[in-house]
Amino acid sequence: MKQILCILFVLLSLNVASAQPSEDYASKKIELLKKHANTQVHFVPLEIGEIKPEGWIRDWAVTAVNGITGHLDEYQPVYQHGWRGYGFKARGTNPEDGTRWPIEQCSYWLDGAIKLAYMLNDEALIRKVSQRLDIVIDGVMNGGETFIYWKPKTITNDPFNNWGHGIMGRALMDYYQATHNPRILTAINKVYSDFRIIMPNFSATNLDGMMWLMRGATNVDAMTEAYLESGDKTILKSLKDYANNEEIKKYESILSSVKGRDDTYSRSLHGVTLYEGLRVPAILNLWRDDASGYNVAEHLHDWAMEYNELPYGMPSCEEWMSGVGGLHSVETCVVPASMWTYNWMMRISGDTKWADLIESVFFNAGPAPVSRDFKTMSYYQQPNRFSETLPSDPPVPGEGSNKFTPYGHEVLCCVGSSNWIIPNYVGNMWQATMDGGLALLLYGPCSVNTVIGSTKVGIRCETNYPFSEEVNVRLSLSKSKKMPLYFNVPSWCKGMQIKVDGKEQNMTIVNGMICLQRKWKDGDVISISLPMTLTVKEGREVPYPRDKYFTAEKHVKRNPLIADSIGGMPYEYIKHGPLLYALPLKDISENEVMKGQKYNYALNVADLDKDIKVSRHAMPTVWKWDMQHSPVTMTVRAREFDWHPTQAFPMPKEKVTGDKDAQIELIPYCLTKFRVSMFPVAKH
């Protein structure tokens, strides 16, 4: 027995050690891109495990592992039995073979869990998730034609299975990057060297129906990564053939023509379909002569945001995009899906506006749908959550979709997706650049261990960002090296400063980035100051679209706001840097608010400098999302008035007059479970 335990310990130690970089993996990908991509990317992510969370983000990541991420397979059969190759009973499951919904839902969890396991070097989680992914690898190597190894290849003719297959492709690529076990890449290449991606449904009567099949096209994510890791020319040929297919060009043509909200074809769209489908043309840009795909993707995103953007930097989604308002919901699946797509758009274009969106989503919408101990979560979140019953549960998926439970709701996609939120941010904080450097794109506490050329590069980002404005970057180099380091300049930041070893640097901002090109030495310290500006955004609510999805009886009966389709009510919200601020309503638990708290206020901000005061406080020793000890607060001028919001009338129709002046204290939205963040507006 002792001998067996020793062998297991050695194997596990090797597995964890393999997460440490041994060579310059990014430069090999860059070389392949320069040789074979028709359109060049700007950034290349580092391997899984080369970036690790530190500080408050690490505290949150450890909490996730101790909660849902580390134990989801103990909560629901989908996560216990999914991808094991046999049938079982669960909602949305083919009981004969275990396909359909679990193929998607369980892949989410495995992908997020394998990333976080290696980012934390968590031996127990590595062991648990590796065992599950090894089942898939073994199935493929023993004759399986796809990752759904226990079924014939035709199983991926079903678009839902094809889509889940793509998510498993991402999980396996993460597993390979974390370990560089050649057997994993061999199995991935075996599947993707001859894989059929389903084309759009041009006979569909609406945009969602046409794009639905394109969820399966998200296999191009993993196919692209597999090619860049292996250089397998059969995968490259598949990507180029697909990119130049006439049906794909037709798909892009339709997307590029989408506009307005009155057209029956494009009044709304499923939120996950939006983010899964829009990045496909952008990725295919890499493998075709015509580089229009990125512009198509950007256009579709802009269209979605124009009518549905909520303060977090993504559209409402109930599960379809529903307009703009304080009671409009965001499905948790859309949180990491948006971050993932924004990262691809940033990689491809080099435009750091996507970094701003990633930070906005992560720091605000990311923590909201999971409990402070990460042991429960909810299917939806809303900018304003007044009580246990307001807002009411959206009709889809139905009752309980605003409630925090260990699995959120019986429709289990969101609890699986919640495990992506942290690693999808951490894994993209630093990325390699095409000129042999590194770019700090997403700020926060982290450490990096990678190889550039023949130089081992260690980086430690010491900061409490976004709860502070200062970031110290400490370099640890095996030898001095001349290379460029790039630093993102957030769009909200005015007067950014950078010092190297205490000396202020002359800076030129190009494409939203500052580049410092010099010979770096071991022990260099880069001090970054990111002054956070205040922004008060004013708008008017946008009504629910008159799409048949929302006008169906089950929606109208449950939500009178849909039936009246009211809109035009003025609102304001406040951001300081990347953080959205909210009036906190103290809670007994994530499912119970303390009674008797006042929230009947309208913002009355005429002068940002005079009417808003920001105060900073000590950072908690251990990060627990403690609402009572917020590291930053703001006092805001407001007007108290008679306001009793309901589901049918959530906001006053016009700006508020009369009543009395007040001062309210706001804290970051991310710390709250009940709150007001989209406020009525006082008439000055």
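Residues numbered from 1 in each chain as written. Predicted model: local features only at pLDDT ≥ 70, side-chain atom pairs only at ≥ 80, totals over all residues. Heavy atoms only, no water.

A few words on the overall build of the protein. Looking only at helices and strands, the protein has 23 helices and 27 strands in total. Its C-alpha atoms give the protein a radius of gyration of 24 Å, within 12% of the compact-globule value 26 Å for 684 residues. Each of the three principal axes of the protein carries a C-alpha extent, and together these read 75 × 65 × 60 Å. Across the 684 residues of the protein, 64% fall into the buried class. (Helix = DSSP H or I, 4+ residues; strand = E, 2+ residues; numbered from the N terminus. Rg over C-alpha atoms; globule rule 2.2 N^0.38 Å. Buried < 20%, exposed > 50% of the residue type's maximum accessible area, 1.4 Å probe, protein only.)

As summarised here, the arrangement of the seven strands in space is S2-S9-S10-S11-S17-S13-S14, forming an open sheet in which the pairing is antiparallel. The open sheet has two edge strands, strand S2 (51–53) and strand S14 (503–504), and neither has a second partner. Where strand S9 (residues 446–452) lies against strand S10 (residues 455–463), seven bridges are found, and the strand directions are antiparallel. The residue of S10 that forms the bridge with Ser447 is Arg460. (Pairing = 2+ DSSP bridges.)

The next thing to look at is the pattern of salt bridges. In total, this model carries 35 salt bridges according to the counting rule given. With a shortest N-O distance of 3.2 Å, Asp97 and Lys151 are connected by a salt bridge. Note that Asp97 is positioned in the loop between helix H5 (77–81) and helix H6 (101–120) and Lys151 in the loop between helix H7 (123–141) and helix H8 (159–179), a separation of 54 residues in sequence. Of the charged contacts, one joins Lys353 and Glu298 as a salt bridge, the two residues approaching to 2.5 Å between their closest N and O atoms. Of this pair, Lys353 sits in helix H17 (residues 353–365) while Glu298 sits in helix H15 (residues 293–308), and the two are 55 residues apart along the sequence. Residue Lys353 is classed as partly exposed on the basis of its relative accessible area of 32%. A relative accessible area of 17% places Glu298 in the buried class. A single network of salt bridges, built from pairs that share partners, joins Arg170, Asp221, Glu276 and Arg279. (Salt bridge = Lys/Arg side-chain N within 4 Å of Asp/Glu carboxyl O.)

Scanning all chains against the criterion turns up 38 aromatic pairs. Judged by centre distance (5.3 Å) and plane angle (85°), the rings of Phe147 and Tyr192 are edge-to-face. Highlighted residues: Phe147 in the loop between H7 and H8 and Tyr192 in helix H9 (residues 182–192), separated in sequence by 45 residues. The buried category is assigned to Phe147, whose relative accessible area is 0%. Judged by relative accessible area, Tyr192 falls into the buried class, the value being 0%. Through a chain of ring-to-ring contacts, three or more aromatic side chains come together here, namely Trp56, Trp60, Phe362, Phe363, Phe374, Tyr425, Tyr443, Tyr465, Phe467, Trp623 and Trp625. The ring centre of Trp344 lies 4.0 Å from the NZ or CZ of Arg347, which sits over that ring. Sitting above the plane of the Trp520 ring, Arg518 keeps its charged end 5.1 Å from the centroid. (Phe/Tyr/Trp six-rings, centres within 6.5 Å; stacked < 30°, edge-to-face > 60°. Lys NZ or Arg CZ within 6 Å of the ring centre and 35° of its normal.)

This paragraph deals with the packing of helix H13 (residues 246–256) against H15. The angle between the axes and the distance between the axes are what describe a pair of packed helices. It is the contact of H13 with H15, at a shortest axis distance of 9 Å, that shows an interaxial angle of 40°. Classified by the angle between their axes, H13 and H15 sit oblique to one another. H15 is crossed by H13, and the crossing has left-handed handedness. From H13, Glu252, Leu255 and Ser256 reach across to H15, where they touch Gly293, Val296, His299 and Leu300. The residue inventory of the contact of H13 with H15, partitioned by class, reads three nonpolar, three polar and one charged. (Axes fitted to C-alpha atoms, helices over the stretch in contact; angles between N-to-C directions. Parallel < 35°, antiparallel > 145°, perpendicular 65-115°, else oblique. Left-handed = near helix turned anticlockwise from the far one by under 90°. Contact = heavy atoms within 4.5 Å. Nonpolar A, V, L, I, M, F, W, Y, C, P; charged D, E, K, R; others polar.)

In space, the six strands of this open sheet follow the order S1-S7-S8-S12-S16-S15, with mixed pairing throughout. Taken across any chain shown, the strands that pair with only one partner, and hence form the sheet edges, are strand S1 (43–45) and strand S15 (509–510). Across eight bridges, the pairing between strand S12 (residues 481–488) and strand S16 (residues 513–520) is antiparallel. Bridging from a neighbouring strand, Lys481 pairs with Trp520 of S16. Relative to the sheet, helix H16 (residues 334–349) contacts S1 and strand S7 (430–433), its axis offset from that of S1 by approximately 135°.

Turning next to the confidence of the model for the protein. Summary statistics for the protein give a mean pLDDT of 94 and a share of 97% for residues scoring 70 or more. Ignoring residues within four places in sequence, the model shows residues 1–19, a span with pLDDT below 50, making 18 contacts including any to other chains. (pLDDT = per-residue confidence, 0-100.)

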